[in-house]
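Here is what each chain is made of, one letter per residue.
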Amino acid sequence: MLSIAKDKIDSLFELIGSKQPLYLPVDNNSGKVDFARWEKGTKLSESLKTTRSAKDFFFPKTEHMVSYELNGQEVKVVDPRKEVEDFVIFGVRACDAKGFTAIDNVYLNMDPVDSYYKNRREHGTVIVLACNDPAKTCFCSTFGIDASLAASPAGGDVSCWLTDGKYYFQANTDKGKAFVENAKAVLTDSADAAVEEVKKDIKAKVEAQPFAHLDLSKFQGKDMLKIFNSKVWDKVSEPCVGCGTCTYVCPTCMCFDVRDFDTGNGVRQIRCWDSCMYNDFTQMAAENPRHTQKERSRQRFMHKLMYYPMAHEGMYSCVGCGRCVENCPVNMNIVKVIKAINESDDI
């Protein structure tokens, strides 16, 4: 295993950042944490997670898809895409990395493949950093995600651990091996005993979190109609204000809208994030198919816990990152929904 002293990590960032764009979690002026492009003087945040997930790198909030230029009666179709350069994301957590897999299942592993998303995925190298101190709002273990990266399928291209005053690196893919090769000038060979110890410590901390073992036994497909028709939705949806915060901070939400803008001599088509919690989501010429916030709330959580896993071999569309728990202005979240359904007497 290769390592670098914690107080020397800036030399690694400088080496990688001089060769290709490098992004890492950074504290911003508003007290939040966002991924930002490294430049000299940029300091890695010590916070557990960013406000928004790392999905932005592959599925950006807004994206120019195509333009139509008018010249008299002639219409010219312009593809604005350019080959994306290789880039590195450092400090992704295991929950966010598993979120990429959830989106991959829809945008890469189904026809038609989303070529915009595919292009970014192919050029990005993901370095996943183990979570030394998971928060009380974290529940990734409920969905089989290992924050210690000991046996997690969400280890990214490179797995990284911070312990014993050092960052340790383990390459998992060809892109990961290329990263390690590029960084060898500042890395040294190290025994992995300290890493094995911190894995055990992380696992123990995860097990101690209050939502570590949420019961998902009712979400196996057989009770879908019972859950759909349950009276529980009346209660859990009542506080929802339809702000969409939960979808914007979620690592696995992937709904979008496509909008056309008049440029004066043509049309510019933009893809942007959308939210199933909005009252105009999937609205058609006739009407919106979900009239109430109850129906919209039910759609969100049924998709996370029932529809998605039924379509993708049991994988849930939630990674237990806890962002919805932390950011919902009315304290409505998937943990409350799971508990309410488990406690319901009509399921």
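This text follows the structure it describes.
Given the structure is predicted, the values throughout are model-derived calculations rather than measurements.

Parameters at a glance
Residues take numbers from 1 onward in each chain, read along the sequence in its written order. At least 70 in pLDDT is required for a residue's local features to be given in this predicted model, at least 80 for side-chain atom pairs to be given and counted, and no such filter applies to totals for whole chains, interfaces and linings, which use all residues. Hydrogens are left out, water is left out, and the side-chain values use all remaining heavy atoms of the structure. Helix numbering and strand numbering both begin at the N terminus, where a helix is a DSSP run of H or I of at least 4 residues and a strand a DSSP run of E of at least 2. The quantity called the radius of gyration is restricted to C-alpha atoms. Its globule counterpart is 2.2 Å times the number of residues to the power 0.38. Partly exposed describes any residue whose relative accessible area lies between the buried limit of under 20% and the exposed limit of over 50%, with all areas from a 1.4 Å probe on protein chains only and scaled to the type maximum. Here, residues are in contact when the closest pair of their heavy atoms is within 4.5 Å. Exposure was quantified through the Shrake-Rupley algorithm and a 1.4 Å probe, taking into account, for residues, occlusion by the shown protein chains and nothing else. The sign given to each residue is positive for Lys and Arg and negative for Asp and Glu; His and the chain ends receive no count. For this purpose, a charge sits on NZ of Lys, CZ of Arg, CG of Asp or CD of Glu. By the criterion applied in these results, polar contacts are pairs of N or O atoms within 3.5 Å in which, for protein atoms, one can donate a hydrogen and the other can accept it, and in which residues neighboring in sequence qualify only through two side-chain atoms. An expected span of 1.5 Å times one less than the residue number is assigned to each helix. The directions considered for the arc run from the helix axis to the C-beta atoms.

Draft legend 1. Quick look at the overall build of the protein chain. When its secondary structure is counted, the protein chain shows 11 helices and 12 strands. Its C-alpha atoms give the protein chain a radius of gyration of 22 Å, near enough to 20 Å, the size a compact globule of 347 residues would have. Overall, the C-alpha framework of the protein chain stretches about 65 × 65 × 40 Å when taken along its three principal axes. By residue count, 51% of the 347 residues in the protein chain fall in the buried class. Taking contacts inside the protein chain between residues at least 6 apart in sequence as the whole, the part at least 24 apart equals 70%. Roughly 17,100 Å² of accessible area belongs to the protein chain as shown, and the carbon and sulfur atoms make up 50% of that amount. Computed over 45 positive and 48 negative side-chain charges, the inter-centroid distance for the protein chain is 3 Å.

Draft legend 2. Geometry of the side chain of T247. Among the secondary structure elements, T247 is positioned in helix 8 (residues 245-249). In terms of polar contacts, T247 uses its side chain to reach the side chain of S275, at 2.9 Å. Setting aside residues no more than four positions away along its own chain, T247 makes contact with K55, C253, S275, C276, M277 and R300.

Draft legend 3. Summary view of helix 5 (residues 193-207). Taking 1.5 Å per residue as the helical rise, helix 5 with its 15 residues ought to reach 21 Å, and the 22 Å between its terminal C-alpha atoms agrees with that figure. Among the residues of helix 5, A194, V195, V198, K199, I202 and V206 are the ones counted as buried. Taken around the axis of helix 5, the buried residues stretch over an arc of 140°, which confines them to a single face. Opposite the packed face of helix 5, turned more than 90 degrees from it, sit the exposed residues A193 and K200.

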